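Architecture at a glance
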Amino acid sequence: MVMQPRLAATVMLLRNTAQQQGIEIFMVRRVVQSEFMPDIYVFPGGSASAVDKEMEQSATLSVPLEPSAADPEGRTALGSGVRAAAIRELFEEGNVLLAYQQQRLLAIGAQDVPRFAEYRQRLNARGATLLDIVQAEHLVLATEQLAYFAHWITPEQLPRRFDTHFFLAAAPMEQEALYDQLETSEGLWIRPDEALKRFAEGTFPVAFPTYHQLRDLAPFATVQEALAATRTRYVPTYQPIWLEREGGPFVYLPEDPDFLWKL
């Protein structure tokens, strides 16, 4: 029986390099013991929950969205839960909370760090929800700060399947990205071209969709350029094709059948 894919979201958190020579992206490495994609570098992300959907359905908890050329079908419209999931997962795995407080992007000063660290710990331990944090801190989710970039669906042959929406977001100036030391064993800022170079050298393992996102991001010179491109760029859906052959299994995209990816 084919498993139905679970709705999921991933955030590619971006910042300009110090030398203004391209962009950097925040990535985490999953622990070796992870049941899904162990010991590889990924972007913070995970499955959407009922609470994520509930938060998006509240007119007071999320910033409304403008119509987008990237998503005319409304795949990531408020109410699906995918944008709230992206924000929650980024906070859980990356320590960055995309939200407004008193109509400005949340700033976490030195005096606030212990409080938000406790929120994050409780969230990861399932002792609190994102809704609890938003209500306690009087926040509004910055859902419009997520720029829709890619959409991938896991092949039908895999036992764990995800319907994943990838977003870009500029890193807030007054927050620090940190890996969680629970589901991930490392966190780093890296240029997409450097990540691809290290992958080719065999020192930076990534998944098939991650490779494509890095390749698509590499040409952008600034965060602003990358975000601007999403405003006019339609996001197609990619579902890799499964191929059984000697040395496999492999997956590939129909538009690029010669590029086989060994699983």
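Reading the values: the criteria
- Just so you know, the residues in each chain are numbered from 1, in the order the chain's sequence is written.
- Local features are withheld for residues below a pLDDT of 70 in this predicted model, meaning they are given only at 70 or higher, and side-chain atom pairs are given and counted only at 80 or more; totals for whole chains, interfaces and linings count all residues.
- The side-chain figures draw on all heavy atoms in the structure; neither hydrogens nor water molecules are used.
- Strands here are runs of E lasting at least two residues and helices are runs of H or I lasting at least four, both read from the DSSP assignment and numbered beginning at the N terminus.
- A 1.4 Å probe rolled over the protein chains alone gives each residue an accessible area, and that area as a share of the maximum for its type sets the label: buried under 20%, exposed over 50%, partly exposed in between.
- Distance and chemistry together define a polar contact, namely a pair of N or O atoms within 3.5 Å, with one atom able to donate a hydrogen and the other to accept it when in protein, and with adjacent residues in sequence counting only for side-chain atoms on both sides.
- Here, residues are in contact when the closest pair of their heavy atoms is within 4.5 Å.
- Stacked, tilted and edge-to-face are the three classes assigned to paired rings of Phe, Tyr and Trp, where Trp is represented by its six-membered ring and a pair needs centres within 6.5 Å; plane angles under 30 degrees give stacked, over 60 edge-to-face, the rest tilted.
- Here, a charge over a ring is recorded when the distance from Lys NZ or Arg CZ to the ring centre is within 6 Å and its angle to the ring normal is within 35 degrees.
- Criterion used throughout: strands pair if DSSP finds at least two bridges between them.
- Interaxial angles span 0 to 180 degrees and are taken between N-to-C directions of axes, which are lines fitted to C-alpha atoms, for helices over the stretch in contact.

Where an unreviewed UniProt entry is consulted, the chain appears under the name NUDIX hydrolase, with the organism given as Ktedonobacter robiniae.

1. Details of the side chain of Gln175
Examined against the element boundaries, Gln175 turns out to sit in the loop between strand E9 (162–170) and strand E10 (184–190). The class for Gln175 is buried, based on a relative accessible area of 12%. For Gln175, the side chain forms a polar contact with the main-chain nitrogen of Leu97, separated by 2.8 Å. Here the side chain of Gln175 touches Leu106 through a polar contact of 3.1 Å, landing on its backbone oxygen. When near neighbours in sequence (up to four residues on either side) are disregarded, Gln175 contacts Asn95, Val96, Leu97, Leu106 and Ile108.

2. Regarding the packing of aromatic side chains
Under the criterion given, the structure shown has 13 aromatic pairs. Here the aromatic rings of Phe116 and Tyr119 are separated by 5.3 Å at their centres, their planes lie at 80°, and the arrangement is edge-to-face. Residue Phe116 and its partner Tyr119 are both found in helix H3 (residues 113–124); the two are separated by three residues, about one turn of the helix. Relative to Trp261, the ring of Tyr211 has its centre 5.5 Å away and its plane inclined at 50°; by these criteria the two rings are tilted. Residue Tyr211 is located in helix H6 (residues 208–217), and its partner Trp261 is located in strand E14 (residues 256–262); the two are separated by 50 residues in the primary sequence. Each member of the pair, Tyr211 as well as Trp261, is classed as buried. Connected via pairs of aromatic rings, a cluster forms that spans Trp152, Phe199, Phe208, Tyr211, Tyr238, Phe259 and Trp261. Sitting over the face of the ring of Phe149, Arg233 holds its NZ or CZ atom 4.3 Å from the ring centroid. Here the guanidinium or amino end of Arg245 rests over the ring plane of Phe250, the centre of that ring lying 6.0 Å away.

3. Focus on the sheet that holds strand E12 (residues 241–243)
In spatial order, the strands read E12-E13-E14; together these three strands make up an open sheet with antiparallel pairing. With one partner strand each, in any of the chains shown, E12 and E14 form the two edges of the open sheet. Taking the axes of each pair of neighbouring strands and ignoring which way they run, one obtains an average angle of 35° across the sheet. Docked against the sheet, H6 engages strand E13 (250–253) and E14, running at close to 125° with respect to E14.

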